Amino acid sequence: MKGVVFNLLEAVVRRDYGDDTWEALLEAANTDGAYSSLGNYPDEEMMKLVGAASSALKMPADDVVRWFGRNALPLLANKHPHFFAAHKSTRPFLLTLNDVIHSEVRKLYPGADVPVFSYDTSSSEVLLMHYKSPRKLCALAEGFIEATAAYYAEELSLDQPECMNRGDDKCVLRVSVKKARG
Amino acid sequence: MESLNDADIQLARLKKRLDREQRARAESEAIAEKALSELYTKKKEIELLQLITVAANEASTVDDAMRTALDGVCAHTRWPVGHVHLKDSAGVLVSTSLWHLDNSERYKTFRKATEAMTFVPSIGLPGRVLEERKPAWIVDVTKDDNFPRSKAAQDTGLRAGFAFPVLVGEEVAAVMEFFSDEPAEPDDAVLTIMAHVGSQLGRVIERRRAEDALKLASQHKSQFLANMSHELRTPLNAIIGITEMLQEDARDSDRGNEFEPLDRVVRAARHLLAVINDILDLSKIEAGKMDLHVSSFEIAPVVQDVVNTVGTLAAKNQNSLKLECPPDMGFMCADQTRIRQALLNLISNAAKFTENGTVTISVSRTIAETGEWVVISVSDTGIGLTAEQKGRLFQDFVQADASTTRRYGGTGLGLAISRRFCQMMGGDITVESEPGRGSTFTIRLPAQETQSQAPVLPKSSPPTLRSTDSQRAPLILVIDDDDAVRKVTTHFLTREGFAVTTASGGREGLRLARELQPAAITLDIMMPDLDGWTVLAAIKGDPATAGIPVVLMTIVDEKNRGYSLGAADYMVKPVDWSGLSGVLRSICKSAGRGVLVVDDDDAIRSGLRRALHEGGWQVAEAENGRVALARLAEAQPDVIVLDLMMPEMDGFELLDALRSNRAWREIPVLVLTAKDLTDDDRARLNGGIERILQKRDRQELLSEVLDVLDRCIERRRGESIAVP
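First things first, this report covers the structure right here in the doc. (Residues numbered from 1 in each chain as written. Chains lettered and ligands numbered in written order. Predicted model: local features only at pLDDT ≥ 70, side-chain atom pairs only at ≥ 80, totals over all residues. Heavy atoms only, no water.)

### Topic: the overall build of chain B
Working step 1: The secondary structure content of chain B amounts to 22 helices and 23 strands.
Working step 2: Here chain B holds 724 residues, and the buried ones make up 46% of them.
Working step 3: Here the analysis covers contacts within chain B between residues at least 6 apart in sequence; of these, 67% occur between residues at least 24 apart.
Working step 4: Summing over all exposed atoms, chain B offers an accessible surface of approximately 35,600 Å²; the carbon and sulfur share of this is 52%. (Helix = DSSP H or I, 4+ residues; strand = E, 2+ residues; numbered from the N terminus. Buried < 20%, exposed > 50% of the residue type's maximum accessible area, 1.4 Å probe, protein only. Contact = heavy atoms within 4.5 Å. Areas by Shrake-Rupley, 256 points an atom, 1.4 Å probe, with all protein chains shown as cover.)

### With respect to the overall build of chain A
Working step 1: Each helix and strand counted, chain A has 8 helices and 4 strands in total.
Working step 2: Sequence-ordered secondary structure for chain A, helices as α and strands as β, is α-α-α-α-α-α-α-β-β-α-β-β.
Working step 3: Scored against the burial criterion, the 182 residues of chain A give a buried share of 45%.
Working step 4: Contacts in chain A between residues far apart in sequence, at least 24 positions, make up 61% of those at least 6 positions apart.
Working step 5: Working note: accessible area of chain A is about 9,100 Å², and carbon and sulfur atoms make up 54% of it.

### What about helix 13 (residues 483-495) of chain B?
Residue and element names in this part refer to chain B.
Working step 1: Counted at 1.5 Å a residue, the expected span for helix 13 with its 13 residues is 18 Å, and the 18 Å between its end C-alpha atoms agrees.
Working step 2: Most of helix 13 is tucked away, with 11 of its 13 residues classed as buried.
Working step 3: Within helix 13, the full set of buried residues consists of Ala484, Val485, Arg486, Val488, Thr489, Thr490, His491, Phe492, Leu493, Thr494 and Arg495.
Working step 4: For helix 13, the capping residue at the N-terminal end is Asp482, with a side-chain oxygen 2.7 Å from the backbone nitrogen of Ala484.
Working step 5: Looking at the residues trailing helix 13, positive phi occurs at Gly497, about 95°. (Expected span 1.5 Å × (residues − 1). Polar contact = N/O pair within 3.5 Å; in protein donor to acceptor, adjacent residues only side chain to side chain.)

### A short note on the packing of aromatic side chains
Working step 1: By the definition in use, this model includes 17 aromatic pairs over all chains.
Working step 2: Ring geometry for A:Tyr151 against A:Tyr152: centres 5.0 Å apart, planes inclined by 80°, an arrangement best described as edge-to-face.
Working step 3: A residue is classified by how much of its surface remains accessible, and A:Tyr152, at 8% relative accessible area, is buried.
Working step 4: By way of ring pairs, the aromatic residues B:Trp79, B:Trp137, B:Phe162, B:Phe164 and B:Phe178 are connected into one cluster. (Phe/Tyr/Trp six-rings, centres within 6.5 Å; stacked < 30°, edge-to-face > 60°.)

### Description of the interface of chain A and chain B
Working step 1: Across the boundary between the two partners, chain A contributes 17 residues, which contact 10 residues of chain B.
Working step 2: Contact between chain A and chain B buries roughly 1,100 Å² in total, counting both sides, with carbon and sulfur atoms accounting for 41%.
Working step 3: Linking chain A to chain B there are 5 salt bridges.
Working step 4: Note that B:Lys16 and A:Glu27 form a salt bridge whose closest N and O atoms lie 3.2 Å from each other.
Working step 5: The interface formed by chain A and chain B contains 7 residue pairs in polar contact (both at pLDDT 80 or more).
Working step 6: Among the elements of the structure, helix 1 (3-17) and helix 2 (19-29) of chain A are those that each provide at least two residues to the side of chain A that touches chain B.
Working step 7: Counting residues per element, the side of chain A that touches chain B draws most heavily on helix 2 of chain A, which supplies 6 residues.
Working step 8: Of the residues contributing to the side of chain A that touches chain B, the split by class is 6 nonpolar, 4 polar and 7 charged. (Buried area = accessible area lost by both parts, 1.4 Å probe. Salt bridge = Lys/Arg side-chain N within 4 Å of Asp/Glu carboxyl O. Nonpolar A, V, L, I, M, F, W, Y, C, P; charged D, E, K, R; others polar.)

### Let's talk about the packing of helix 1 of chain A against helix 2 of chain A
Residues and elements named next belong to chain A.
Working step 1: Across the interface, helix 1 lies against helix 2 with an axial gap of 6 Å and an inter-helix angle of 135°. Comparing their axes, helix 2 and helix 1 come out oblique. Contacts between helix 1 and helix 2 involve Phe6, Leu9, Glu10, Val13, Arg14 and Tyr17 on the former and, on the latter, Asp19, Thr21, Trp22, Glu23 and Leu25.
Working step 2: Taken together, the residues that form the contact of helix 1 with helix 2 break down as 6 nonpolar, 1 polar and 4 charged. (Axes fitted to C-alpha atoms, helices over the stretch in contact; angles between N-to-C directions. Parallel < 35°, antiparallel > 145°, perpendicular 65-115°, else oblique.)

### Looking at the environment of B:Ala174
All names here are of chain B.
Working step 1: Mapping Ala174 onto the fold places it in strand 6 (residues 171-179).
Working step 2: Take Ala174: its relative accessible area is 0%, and that puts it in the buried class.
Working step 3: Distance in space between the C-alpha atoms of Ala174 and Gly202 is 8.3 Å, their sequence separation being 28 residues.
Working step 4: Apart from the residues within four sequence positions on either side, Ala174 is in contact with Met66, Val84, His85, Leu86, Lys87, Phe164, Pro165 and Val166.

### Details of the nonpolar core
Burial of nonpolar side chains together is a common tendency in soluble globular proteins.
Working step 1: Core analysis: the biggest nonpolar cluster contains 52 residues, and A:Leu9, A:Leu49, A:Phe68, A:Leu94, A:Met129 and A:Tyr131 have the highest contact counts within it.
Working step 2: Of the residues that make up this core, three or more belong to each of domain 1 (3-58) and domain 2 (88-179) of chain A.
Working step 3: Membership of the second largest hydrophobic core comes to 44 residues, among which are B:Ala300, B:Val302, B:Cys422 and B:Val431. (Core = buried A, V, L, I, M, F, W, Y, C linked by side-chain atoms within 4.5 Å. Domains from an automatic or database assignment.)

### Quick look at helix 15 (residues 532-541) of chain B
Residue and element names in this part refer to chain B.
Working step 1: Those residues of helix 15 not exposed but buried are Gly532, Trp533, Val535, Leu536 and Ile539. The buried residues of helix 15 occupy an angular sector of 165° when projected down its axis, which confines them to one face.
Working step 2: For helix 15, the N-terminal capping position is held by Asp531, with its side-chain oxygen 3.0 Å away from the main-chain nitrogen of Trp533. (Arc of directions from axis to C-beta.)

### Concerning the sheet that holds strand 1 (residues 81-87) of chain B
Residues and elements named next belong to chain B.
Working step 1: Strand order in the open sheet formed by 6 strands is 3-2-1-6-5-4, with antiparallel pairing between adjacent strands. In the strand order of this sheet, the two ends are held by strand 3 (118-119) and strand 4 (136-138), each with one partner.
Working step 2: Bridging between strand 1 and strand 2 (residues 93-101) involves 6 bridges; their strand directions are antiparallel. Directly across from His85, in strand 2, lies its bridge partner Ser95.
Working step 3: Strands in contact with helix 3 (residues 108-115) are strand 1, strand 2 and strand 6; relative to strand 2, the strand with the most contacts, it is inclined by about 160°.
Working step 4: Strand contacts of helix 4 (residues 124-132): strand 1, strand 2, strand 3, strand 4, strand 5 (161-168) and strand 6, with the helix running at about 145° to strand 6, the strand carrying the most contacts. (Pairing = 2+ DSSP bridges.)

### Digging into the side chain of B:His83
All names here are of chain B.
Working step 1: Looking at where His83 falls in the secondary structure, it is placed in strand 1.
Working step 2: Given a relative accessible area of 0%, His83 falls into the buried group.
Working step 3: Polar contacts involving the side chain of His83 include one to the side chain of Ser95, which spans 2.8 Å.
Working step 4: With residues near it in sequence (within four places) discarded, His83 still touches Leu70, Ser95, Thr96, Leu98, Trp99, Thr114, Val175, Met176 and Glu177.

### Description of the environment of B:Lys487
Residues and elements named next belong to chain B.
Working step 1: Inspection of the secondary structure assignment puts Lys487 in helix 13.
Working step 2: Of the residues examined, Lys487 reaches a relative accessible area of 54% and is grouped as exposed.
Working step 3: Considered as a pair, Lys487 and Ile242 are 245 residues apart in the sequence and their alpha carbons are 8.6 Å apart.

### Some details on the sheet that holds strand 15 (residues 499-503) of chain B
Residues and elements named next belong to chain B.
Working step 1: Pairing within the open sheet is parallel, and its 5 strands lie in the order 15-14-16-17-18. Of all strands in the sheet, those bounded by a partner on one side alone are strand 15 and strand 18 (569-572). Direction aside, the axes of adjacent strands within the sheet are offset by 20° on average.
Working step 2: Bridge analysis of strand 14 (residues 475-479) against strand 15 gives 5 bridges, and the strand direction is parallel. Each bridged residue has a counterpart across the sheet, and for Ile479 the counterpart in strand 15 is Ala503.
Working step 3: Of the strands in this sheet, strand 14, strand 16 (520-523), strand 17 (550-554) and strand 18 touch helix 15, which is tilted by about 180° from strand 17.

### Observations concerning the side chain of A:Ser133
Working step 1: Tracing the chain through its elements places A:Ser133 in the loop between strand 2 (127-131) and helix 8 (138-151).
Working step 2: Of the residues examined, A:Ser133 reaches a relative accessible area of 12% and is grouped as buried.

### Describing unusual backbone geometry
Working step 1: A positive phi is found at A:Lys136, a non-glycine position, where the angle reads about 50°.
Working step 2: Note on placement: A:Lys136 falls in the loop between strand 2 and helix 8.
Working step 3: Residue classification places A:Lys136 among the partly exposed positions, given a relative accessible area of 39%.
Working step 4: A positive phi is found at B:Ser122, a non-glycine position, where the angle reads about 70°.

### Some thoughts on the packing of helix 3 (residues 43-57) of chain A against helix 4 (residues 61-79) of chain A
Each pair of packed helices gets described by two things: the angle between the helix axes and the distance between those axes.
All names here are of chain A.
Working step 1: Viewed as axis vectors pointing N to C, helix 3 and helix 4 meet at an angle of 105°, and their least axial separation amounts to 8 Å. On the basis of their axis angle, the class for helix 3 and helix 4 is roughly perpendicular. Here helix 3 contributes Val50, Ala53 and Ser54 to the contact with helix 4, which in turn contributes Ala61, Val64 and Val65.
Working step 2: Its residues assigned to classes, the contact of helix 3 with helix 4 comprises 5 nonpolar, 1 polar and no charged.

Taken by themselves, the reported measurements are silent on function.
Next comes the structure, spelled out in C-alpha cells:
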C-alpha cells in the first residue's frame, strides 16, 4: 500500500484524536511509522493500525475504515480540487474514478495498486459500483462516497447488496443521491 | 517534577517523531533518485531507438543502417566491441566487415578470429541467437562452453557478450553481437531494447529486399519490352522490305493488279509498326528513358511541312486545312521531331474526327512571366467532346470512347504520348471542346528550352572515306543477324549503286571489315554473338578498321550512345532506304560509281552529267567512240551510256571494240538513241547491251537512264560479289 494512504491516516488521527493517539496506535501496531508518500508498505501494517484504532476507539474495524475514508476525502479534495470542480454531482464524479482519478494516482505514485470499479449505469437513478479486491476495503470506498456526496451537498443513499466480507465474490455498492433540500 | 517528567516524555515523543520524519524523507529521496535514474535510462533507450529508427528510415543502404546501430548500441551500453553477422543463402552466419571497435589495434586478434569463422545454428553466441531467434547473454565468454572464440576473447580482454537477431518476419536475417571488457550480469532492459533495435533493422532489410525485387521486376520488364520490340519489329521490317521488293517487281513486269494488294500489306504492316512504336514510346517515357534532342529551329517551315504531310488525309474527309502562321514566327529551341510528332497527331486527329469542315492551325508567340511561349493550336469543326470524354482524353490507352477505336482506328496512345513529350519540354497540351461544335487542342511550349534534359552529344562528323578501289562501286559491309534484313538491305543498296557484302554476326563482320576494308559498314545492334555496341567499339578500337564509317541500323533508339562510340550515323529500323543511301552516298561520295557517257550532243551530255552526279555517279564524258576508248584506257567505268549515231567512230564501232577487249567485254552498255532501229541494227547490237532507250522527253529519259543504270549495277554486283 502506498505511503500516501498512511500519511492520510496519520493526518486525520492527529487532527481528530491528537498526536498522542497516533503515537499510541504506532506502538500498539508495532510499526516503524516512517512513511514516505512515494514508498510502498505492506498492507498488513495498515490492517494492524486499523485494528489498533478499533481497540483504542472501541469501534468495529469497518467503521474505523469508513470514518477514515470520510475524513480523508476532504483532504484529497483540498489538495486536488480540479478533479472535483469538474463535476457538479456525485454520480458523474464516481464515474471518472477508473479513467481519470486512478489513472492520475498511478502517474503520481508509480506502482499504486488502486482498484478498478465496474459500473452498472442501466438505471439513471441508481448507480451500481462493483468492487473486487483482496484488500476487501469496501468500507473505505463507502467512506469516500459518503464524503463525496457531502462535498456536492447531496443526500446519499448507499448500501451493499453484495459484500466480500459477507462471503460474496465481490462487493456491490448501490449509490443513489438527490440534491439536499434548501 | 511531574510536569518536568511530562515534558521529558513530550520531548522524547517529538524526537521519535522527528527521527521518523527524517527516515521518511531519506526514503522519499531514495525513491526520487531511483525514479530519476530510471527516467534517465529510459530517455537513453528512447534516444537509441530514435537513432535506430531514423537510420532505418533514412540510411541509403542496409550497411549504413547497421553501422549506425553498431555505434549507437556501443554508445548506449558503453561496450567497446560490436559486430554484424549476415546469414547467407545456405543459412549460415557469415562475418561481415561491419564492426564497432573502440580500439581497432587492441581487438585486432578477436576481429581476425571472428572473420575467419562462420556460425551454424546453435554454435557460439551468434549461432545460439540464430537457432533461438531471440537475444542471448553471456556473463563471461572466456568461461562459456559454447564460445569458440574464447581464446581470442581472452587474449584481447573481452568478457561479457550479448547478441540479438535482426528479424525479417520470423526469419533471422542477421545477428548483431557486442562485447564488454568486464564480466556483466544479464540486463533485461538492454535485451528488451535490443529486441526493438533488431526488429527495426529487420524492417530495413525487408524494405531493401522489396526494393530489389521491384527493381529486378522493372529490369525484367524493360528487357522484355526491348526483346519484344526486337521480336516484333524484325519480322515486320522483313514484311515491309520484301513486300516493297515485290511491289517493284510487279510494277516493272506490268503486273499492276498485284500492286494494290501488296500496297495494302505494306500499309497494314506500317500501321502495325506505328502502333508498336507508340507503345514502346510510352513505355520508354514511363521508364524515364526517352531522350529529347533539343536544337534551335525555325518554327514556320516545320509547321508548314507537317500541314503539307497531313493534306491528303484532310482532303479525304472533305476538310479544308487553314494555316495561320506569320512567316516571321522566328526560332524556338526544342526537340523538333517530337513537336512534329505531336502536331501531326493533333492535326490528323482533327482531320479524322471532322467531315466537311475546317481544321485551323494557328501559331503565335506569347510573353508570360515565365518567359516566352510558342502556342500552336489546332481547331476543328468536328464532332467535339463531352466533358467526360475530355477528362479521359489524355489517359494512356484511352480514346474518347471505346467505339472510337473501331470507328476511327488508332491506338489511343498518340495524344497521351504527344502530351508527355510537351511536358518533357516544359510545356503541355490542353483541350477545349463542345460536343457537336468542334475541339481546339493547344500545344504550349517554352520558346527556349527550360528544363535541362539529357545532354545531346554533338554528332561527330562522318570520318572521311578510306581509299578504296575507285574503279568499283563503294563496298558496303552489312552486318545483321537477320537474314531478311540482309537480303532487303542488299537489294536496296545494290540498286542504289553500292557493292554489298554481308555478315550474319559480329565476329564475322569484324573479320570481313578487316579483310575487305569496305567503304562503310551498316551495323545492327541486337545480335546474338557479339552485340553491335561491342562490334562498334572493336571496329573503332582497331587501327586497321577505325577509319571505316559505321552507320548503326537498329531498332534500339540510343543515338547518343551510338555517336559517342564513334558511329557516323544512326538509323532506326525500319530503315528509310533513300535516307540510308543518301547517308552512305555522302559517306562514299569521293568514290562514286563510274559512268562513261558517250554522245556527240552537248546538251544530252550535260543533262546526263547533272542527273548522274545527283545520283552519286562519277561521270566521264566522250563526244565520240574514239575519245571514249581513250577514257576507257584511263579509267574503267562501271557502266557506259552510249549514243549510236556519232561522227568519227559511232556507237556500233565502239561496241565492237569493247567486245574484242577482254577487260571491257563485261561492262554493261546502255544504248541511248534517237534512231529508229532497223532489224539489222538490232542484229549488230546483238544482246550485248543493257537496254535501248529512245531519246524522247528529256526528263523521262534521264530518270529512265538512272533507273536502268542502277539496275545493271545491281545485277553486276550480284554476280561479282558473293553474298554470304
